[in-house]
Amino acid sequence: MPPPLLLLLLLLAASTAPAPARAGDPYAYYDWEVSYVSAQPLGVKQKVIGINGQFPGPPLNVTTNWNVVVNVRNALDEPLLLTWNGVQQRKTAWQDGVLGTNCAIPAGWNWTYAFQVKDQVGSFFYFPSTPLHRAAGGYGGITINNRDVIPIPFGFPDGDITLFIGDWYNRGHKELRRALDGGTLLGAPDGVLINGLGPYQYNTSLVPPGIVYERINVEPGKTYRFRVHNVGVSTSLNFRIQKHNLLLVETEGSYTSQQNYTNLDIHVGQSYSFLVTMDQNASTDYYVVASARFVGAAVVDKLTGVAILHYSNSQGPASGPLPDPPNDQYDTSFSINQARSIRWNVTAGGARPNPQGSFHYGDITVTDVYLLQSRLPELIDGKLCSTLNEISYIAPSTPLVLAQLFNVPGVYKLDFPNHPMNRLPKVDTSIINGTYKGFMEIIFQNNATSVQSYHLDGYAFFVVGMDYGLWTENSRGIYNKWDGVARSTIQVFPGAWTAVLVFLDNAGIWNLRVQNLDTWYLGQEVYINVVNPEDNSSTLPDNAIFCGALSSLQKEQSHRFVYSEASPVAPWRNMVSFLFLLASFTTWLQ
């Protein structure tokens, strides 16, 4: 018979261990308050959006197929939604957190998101989708880990480091909104942040004293996985680490062919994973740099974010010039060739054991083709707007998902044109009618003057081609039909096009948007309606918020999610089990 103390320890260990997988997929619970916090990342005091007082917000770290429950209390003075950039929300379109799928959480209310990270792995981030809130913060990382039975296609790293890079304005998001509402473009940002902090003072004439910067502590000889997200407003950034190679291994949920880069352009809304080995001597610290691309010479120096990579045995501060950016600030050819070099690792398993490339998208038949053309912002009825195919989207007061479920007439039209119409632009709520389990080919034609990033909720699409000029039917001749990477956000260069293929197997109404916050705010988005004709049993969660034409259905403040006893990692279950075992142990002693 074991000694009493040893038995007690064994019982304690058993009670606090996660329940076996047969009890169901685990749950992870988060309780967040979204509020304004005071910060001065560039030396100017301002209100930013924090979560639980943190800016950036806390990480969401889970494993494939886990259920995620996030209770959000909105302590802002405006309605709020959080969206989960790249999380596919399979069978839970109403948890997507954009104005087409959810009523915004009113100020002072709490609402609980509940969804499963079904069959996904990789690096993603969350952010507030309500108008221009991301320009004030509110973002954080999402890491979805492999299950133990599915190997990763590289050696397990010694550490995991998340970096948020992005341009930043000293003006608050409300002031930025007023500028756009008044017909004024935002102009150049005031700086670039890394993890919500300003640049290290690498140059006393460019960076004022007193700026708090990010320091990344590492051990010599070890390899770290850097997950880098561009969470900015509108600026493409070049990321690099002084004297260190970046081994690209994953982007937005897909393992990539492993290639070394000395620097990589990361466009707005994009996420990448690199393996970085600490193989340099520690005579000094090293610069970590995120600098603006395709901007004027007068502002490029101030649009440079600098953090410090600090070896534990470092002998001194970083010194010398910053590592070189690409040669030509304005030449997009370097960036487009770099983008073409990013390929899918077709032999690696993803969330499942089968190779990622076992799905041969090159052998499919396209069901629908949409050529989406953007232009420079223009006036429509005296208001500055951005368009796709001459339509500037306006969000209705009743979300599209609610309107569809409750058959509310007149909220939207399924008549979005599949090509530019060469007509006067207009403001409308027109959406795309997709074919369930059909393949849609989407070509983004950028007739504006800056790089645009496009994101599709609910899916990862295959990036099959990009080139300069106007897309034509003959452009399909240069498509990559074998290892185009699957991701959820893709860049489109000015005067160029990018083509993607997406398999519409996820029923719902899904947001297709430009990730650049200014043009998104001005209307450059559309939704894709995907209906499963064999299953129209979609239901809303018990805590659904009602607004617009359905506001009369809202009877009380939205309530917290009731944690299920079936949740294998629910902390209170562990405590109850422990108390029960402790009582049993006490009886045994008697």
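Worth saying up front: this structure is predicted, and the values here are computed from it rather than measured.

1. A closer look at the pattern of salt bridges
Evaluation of the coordinates by the stated rule reveals 19 salt bridges. A salt bridge links Asp428 to Lys413; the shortest N-O distance between them is 2.8 Å. Linking Asp428 in strand β24 (residues 426–428) with Lys413 in the loop between α5 (400–405) and β24, this pair joins segments that are 15 residues apart in sequence. Here Asp428 falls in the buried class, since its relative accessible area comes to 12%. Take Lys413: its relative accessible area is 37%, and that puts it in the partly exposed class. A salt bridge links Asp428 to Lys426; the nearest nitrogen and oxygen atoms lie 3.6 Å apart. Of the residues examined, Lys426 reaches a relative accessible area of 32% and is grouped as partly exposed. Connected through shared salt-bridge partners, Arg375, Glu378 and Glu390 make up one network.

2. Considering the packing of aromatic side chains
Enumeration according to the criterion identifies 30 aromatic pairs in this entry. Aromatic rings pair up to connect Tyr30, Trp32, Trp84, Trp111, Tyr113, Phe115 and Tyr126 into one cluster. The positively charged end of Arg134 is found above the aromatic ring belonging to Phe127, 4.7 Å away from the centroid.

3. Observations concerning the confidence of the model for the chain
Per-residue pLDDT for the chain averages 91, and the proportion of residues at 70 or more is 90%. Across residues 1–23, confidence stays below pLDDT 50; counting only partners more than four residues off in sequence or on other chains, it has 23 contacts. Under a pLDDT of 50 for its full length, residues 563–590 has, in the predicted model, 43 contacts with residues more than four places off or in other chains.

4. Focus: the state of the cysteines
Throughout the structure, instances matching the rule amount to one disulfide. Here Cys103 connects covalently by a disulfide to Cys547, the sulfurs 2.1 Å from one another. Around the S-S axis, the bridge from Cys103 to Cys547 shows a dihedral of about -85° and counts as left-handed. One end of the pair, Cys103, is in the loop between β5 (82–85) and β6 (110–116); the other, Cys547, is in the loop between β33 (525–530) and α7 (571–589), with 444 residues separating them in the sequence. A residue is classified by how much of its surface remains accessible, and Cys103, at 6% relative accessible area, is buried.

The rules behind the values
Residues numbered from 1 in each chain as written. Predicted model: local features only at pLDDT ≥ 70, side-chain atom pairs only at ≥ 80, totals over all residues. Heavy atoms only, no water. Salt bridge = Lys/Arg side-chain N within 4 Å of Asp/Glu carboxyl O. Helix = DSSP H or I, 4+ residues; strand = E, 2+ residues; numbered from the N terminus. Buried < 20%, exposed > 50% of the residue type's maximum accessible area, 1.4 Å probe, protein only. Phe/Tyr/Trp six-rings, centres within 6.5 Å; stacked < 30°, edge-to-face > 60°. Lys NZ or Arg CZ within 6 Å of the ring centre and 35° of its normal. pLDDT = per-residue confidence, 0-100. Contact = heavy atoms within 4.5 Å. Disulfide = S-S within 2.5 Å.

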